[in-house]
Amino acid sequence: MALDAATGKKLWEKPFDFSRCRYVTYMTHSKDTLLITGTDSDSVFHSYAFDARDGAELWTHQAKELKGHHTGQLAHPTIVGDRVYFNKHTYVLRTGEVLGVHNFDWHGCGVMSASNHTVFSRYEYHGMLDLATNKRTEFLGIRSGCWLSLIPSGGLLLAPETSAGCSCGHSLQTSIAFVPQKIIEKKVD
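My aim in this report is to walk through the structure given alongside it, one point at a time. (Residues numbered from 1 in each chain as written. Predicted model: local features only at pLDDT ≥ 70, side-chain atom pairs only at ≥ 80, totals over all residues. Heavy atoms only, no water.)

### As for the overall build of the protein chain
Here comes step 1: Helix and strand counts for the protein chain come out as 1 helix and 17 strands.
Here comes step 2: Within the protein chain, buried positions represent 41% of all 189 residues.
Here comes step 3: Here the protein chain has roughly 10,500 Å² of accessible surface; of this, 53% comes from carbon and sulfur atoms. (Helix = DSSP H or I, 4+ residues; strand = E, 2+ residues; numbered from the N terminus. Buried < 20%, exposed > 50% of the residue type's maximum accessible area, 1.4 Å probe, protein only. Areas by Shrake-Rupley, 256 points an atom, 1.4 Å probe, with all protein chains shown as cover.)

Structure representation (structure tokens):
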């Protein structure tokens, strides 16, 4: 069911079987697209996209969890512009076309977040993927926690300490804010 944001009136309602989304289910909305994703008991992701204006089904997709270890089946989609980054796949939001499957290892627990140009996630340590160049960078020695703990905001990447008490050994357990190098260079000039 979809409601009008201004009036609260029901815009549409449509029954749909999401029973394959058994262990975790996420609902994401962007650019008039409603995306529902979830996993079944075999760690297969099921994705369903609908037109948010009228409930018309746009596309569906199934893919085995690709992370290959703990929390892989808990990943959630991250939308940047008209792209969906999810389970090492890149999709076109409105059509579901698979643009690529990334073979890099993203490690441990933790989930993705994104800014307009970068996806942030834990690889072994804090990491980022530049969407323009597909270049991956890791910040050695510091790791994120088990859930959302890399927060892009206002041109910074905020990383509150969320790993204390974890069984993973890493050299630094601290909160940190990353500042783009171009900002630092401007202040030095």
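### Structural notes on the environment of Ala49
Here comes step 1: Among the structural elements, Ala49 can be located in strand β5 (residues 44-51).
Here comes step 2: Sequence separation between Ala49 and Arg94 is 45 residues; the distance between their C-alpha atoms is 7.6 Å.

### Structural notes on the sheet that holds β5
Here comes step 1: Spatial ordering of the open sheet is given by β3-β4-β5-β6, a layout of 4 strands whose pairing is antiparallel. The open sheet has two edge strands with one neighbour each: β3 (24-30) and β6 (57-64). Along the sheet, successive strands turn relative to each other by an average axial angle of 15°, direction set aside.
Here comes step 2: Looking at chain direction, β3 and strand β4 (residues 33-39) are connected through 7 bridges and run antiparallel. Following the sheet pairing, Ser30 is matched in β4 by Thr33. (Pairing = 2+ DSSP bridges. Axes fitted to C-alpha atoms, helices over the stretch in contact; angles between N-to-C directions.)

### Here we look at the side chain of Ser149
Here comes step 1: The residue Ser149 is located in the loop between β14 (136-139) and β15 (151-153) in this model.
Here comes step 2: On the basis of relative accessible area, Ser149 is assigned to the buried category, the value being 2%.
Here comes step 3: Look past the residues within four positions of Ser149 in its chain and what remains in contact with it is Ser144, Leu158, Ala159, Pro160 and Thr162. (Contact = heavy atoms within 4.5 Å.)

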